[in-house]
Amino acid sequence: MRILRTIAEVRAAVRDAKAAGRSVGLVPTMGAFHEGHLSLMRAARTENDLVVVSLFVNPTQFAANEDLSTYPRDEAHDASLAEAEGVDILFAPHRAEIYPDGFATNIHVAGITEVLDGASRGPHHFDGVATVVTKLFGIVQPDVAYFGQKDAQQVLVVRRVVRDLDLDVRVVACPIVREADGLAMSSRNVYLDADARAQATALNRALDAADAAHRSGERDGDSILSSAHAVLSAAGIDAEYLELRDAETLRPVAVLDRDALLLVAARVGAARLIDNHLLTLTSTTETSTTTETSTNTDGKGDA
């Protein structure tokens, strides 16, 4: 595995690969790798000839009061894990490489960024995500890019960017990877002390309770949400949001007559955590298969 720092180096490596007819897969990350990240790398390794993993803690998606300065960083450990998964290139640029002096471009996706994490974290968050991901797509020019379904709203934002800007990349969302007790894996889980770690399991248990209500035949959105709220309340967690939203548009869902995302965000101890389940009309459990969208076919086109 090569660790590359500059855009020119990555472009040269990708150019050589594509000239040889090799496919390119990209896994955008902010590092602090865990099993969730590794599952994306494995998916990319299975489907592509050249696998590029970006490691860049993107400052533009953090607010002034958020954890940019304390976000977990261990490049050496991350590099070891990535190499063990067969990654070909770890692109670990310095900030000035991505945002040079005078950088003045911002990508804003209207309609799906003002709610949920966009409302909680502010409009800068998804602007930062959309801008850096678009830059990475331009630098790496991947055939396929892999994202985790835990960041469900981010997936939809990236897909909208790909669709609206006619970017030639297939976006794949891979299933949430969980700890044995159900907690969704996250780089921010390292912020949890023992008590908060136990408390945090209530997030997935709350979503499971809502799933159970759905499986029992409940279709009223408020009733489904009440099942989840009860679990969070019993655990002493006051959610930033707990909502049912259309799985494609993120519009509120009052009656479950379509595929819907049940999404939660909450501060537990020192960590802000998010999680979600997909509720469908055909399957009432969290999706267990990789989902993907290609702008070359249906126009919908993914941190």
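Not measured: the values here are computed from a predicted model.

**Q** Just to check I follow, could you spell out the nonpolar core for this structure?
**A** One recurring pattern in soluble globular proteins is that nonpolar side chains are buried together. If you look at the biggest cluster of nonpolar residues, it comprises 49 residues, and the most contacted ones within it are Val-52, Phe-91, Phe-137, Val-140, Phe-147 and Leu-261. Sort the elements by how many residues they give to this core and helix α6 (residues 124-140) lands first, with nine residues. Not counting chain neighbours up to four residues away, the residues in contact with Phe-91 comprise Leu-4, Arg-5, Thr-6, Ile-7, Val-10, Val-52, Val-53, Ser-54, Leu-55, Ile-98, Leu-136 and Ile-139. Judged by nonpolar contacts, the second largest core, of 27 residues, contains Ala-200, Ala-206, Leu-207 and Val-231.

**Q** Before we go on, may I ask you to explain the pattern of salt bridges in this structure?
**A** Side chains that differ in charge, positive against negative, can pair when their charged atoms come close. Following the criterion strictly, the structure yields 15 salt bridges and no others. Taken together, the salt bridges that share partners define one network made up of Glu-35, Arg-42 and Glu-85.

**Q** Whenever I open this one, empty space enclosed by the protein confuses me. Can you help?
**A** Where empty space is left can be seen by rolling a probe of water-molecule size over the atoms. The computed volume of the largest cavity comes to approximately 50 Å³. Lys-150, Leu-183, Ala-184, Ser-186, Asn-189, Leu-203, Leu-273, Ile-274 and Asp-275 together form the lining of the largest cavity. By residue number, the principal contributor to the lining of the largest cavity is strand β9 (residues 271-279), which donates three residues. Here the lining of the largest cavity is composed, by residue class, of five nonpolar, two polar and two charged.

**Q** Teacher, can you tell me more about the sheet that holds strand β7 (residues 239-246) here?
**A** Whether parallel or antiparallel, the strands of a sheet pair through hydrogen bonds between backbone atoms. Strand order across the open sheet formed by three strands is β7-β8-β9, with antiparallel pairing between neighbours. Each edge of the open sheet is held by one strand with a lone partner, namely β7 and β9. The average angle at which neighbouring strand axes cross in this sheet is 10°, direction not considered. As defined by bridge partners, strand β8 (residues 260-268) adjoins β9 across nine bridges and the pair is classed as antiparallel. Looking at β9, one finds that Ala-260 is bridged to Leu-279. Here helix α8 (residues 194-215) sits on the sheet and contacts β7, β8 and β9; the angle it forms with β9, its principal contact strand, is near 20°.

**Q** Explanation requested: the packing of aromatic side chains in the structure shown.
**A** Ring pairs (aromatic) are described by centroid distance and by the angle formed between their planes. Within this structure, the stated rule accounts for three aromatic pairs. Judged by centre distance (6.1 Å) and plane angle (45°), the ring pair of Phe-56 and Tyr-99 falls under tilted. You can see Phe-56 sitting in the loop between β3 (50-55) and α3 (75-84) and its partner Tyr-99 sitting in the loop between α4 (95-98) and α5 (117-121), a full 43 residues away along the chain. Residue Phe-56 shares its accessibility class with Tyr-99, and that shared class is buried. In this structure an aromatic cluster arises from ring pairing among Phe-56, Tyr-99 and Phe-103.

**Q** Quick question: what am I supposed to make of unusual backbone geometry here?
**A** Residues other than glycine predominantly adopt negative phi, and peptide bonds predominantly adopt the trans conformation. A positive phi angle, near 55°, is found at Leu-116, a position not held by glycine. With respect to the helices and strands, Leu-116 occurs in the loop between α4 and α5. When its relative accessible area of 3% is taken as the criterion, Leu-116 is described as buried.

**Q** How do you make sense of helix α1 (residues 7-19) when you look at a structure like this?
**A** Because an α-helix packs 3.6 residues into every turn, residues spaced three or four apart end up facing the same way. Along its 13 residues, α1 runs 18 Å from first to last C-alpha, staying within 8% of the 18 Å computed at 1.5 Å per residue. Taken as a whole, α1 has its buried residues at Ile-7, Val-10, Ala-13, Val-14 and Ala-17. Projection of α1 onto a plane perpendicular to its axis shows the buried side chains occupying an angular sector of 135°, all on one side. What points out from α1, more than 90 degrees from its buried face, is the exposed set Ala-8, Arg-15, Asp-16 and Ala-19. At its buried positions, α1 is contacted by β1 (2-4), β2 (24-29), β3, β4 (89-91), α4 and α6. Positive backbone phi, approximately 80°, marks Gly-21, located one or two places after α1.

**Q** What am I meant to see in the pairing of β3 here?
**A** Remark: a regular strand shows side chains that alternate across the two faces of the sheet. Among the six residues of β3, six are classified as buried, and the element is accordingly described as predominantly covered. What you see with β3 is no split at all: Leu-50, Val-52 and Ser-54 on one side and Val-51, Val-53 and Leu-55 on the other are buried throughout. Direction of pairing for β2 relative to β3: parallel, over a ladder of six bridges. Paired with Val-24 across the two strands is Leu-50, which belongs to β3. In the classification by handedness, the crossover that spans β2, the intervening helix α2 (residues 35-47) and the parallel β3 is right-handed. Two elements, β3 and β4, share three bridges in a ladder whose sense is parallel. Paired with Val-53 across the bridge in β4 is Leu-90. In this view, the connection linking β3 to its parallel neighbour β4 by way of α3 has right-handed handedness.

**Q** Teacher, can you tell me more about the packing of α1 against α6 here?
**A** Helix packing geometry: the angle between the two helix axes and the distance between the axes. Interhelical geometry of α1 versus α6 gives an angle of 50° and a closest axis separation of 8 Å. Put simply, α1 runs oblique to α6. Of the residues in α6, those touching α1 at Ile-7, Val-10, Arg-11 and Val-14 are Gly-138, Ile-139 and Val-140. Among the residues making up the contact of α1 with α6, the classes are represented as five nonpolar, one polar and one charged.

How each quantity is defined
- Residues numbered from 1 in each chain as written.
- Predicted model: local features only at pLDDT ≥ 70, side-chain atom pairs only at ≥ 80, totals over all residues.
- Heavy atoms only, no water.
- Core = buried A, V, L, I, M, F, W, Y, C linked by side-chain atoms within 4.5 Å.
- Buried < 20%, exposed > 50% of the residue type's maximum accessible area, 1.4 Å probe, protein only.
- Helix = DSSP H or I, 4+ residues; strand = E, 2+ residues; numbered from the N terminus.
- Contact = heavy atoms within 4.5 Å.
- Salt bridge = Lys/Arg side-chain N within 4 Å of Asp/Glu carboxyl O.
- 1 Å grid on protein atoms, 1.4 Å probe; cavity = no way out; pocket = protein on both sides within 12 Å on 5 of 7 lines; lining within 4 Å.
- Points joined across faces, edges and corners; volume = space filled by probe spheres on them.
- Nonpolar A, V, L, I, M, F, W, Y, C, P; charged D, E, K, R; others polar.
- Pairing = 2+ DSSP bridges.
- Axes fitted to C-alpha atoms, helices over the stretch in contact; angles between N-to-C directions.
- Phe/Tyr/Trp six-rings, centres within 6.5 Å; stacked < 30°, edge-to-face > 60°.
- Expected span 1.5 Å × (residues − 1).
- Arc of directions from axis to C-beta.
- Right-handed = clockwise from strand over helix to strand, strands pointing away.
- Parallel < 35°, antiparallel > 145°, perpendicular 65-115°, else oblique.

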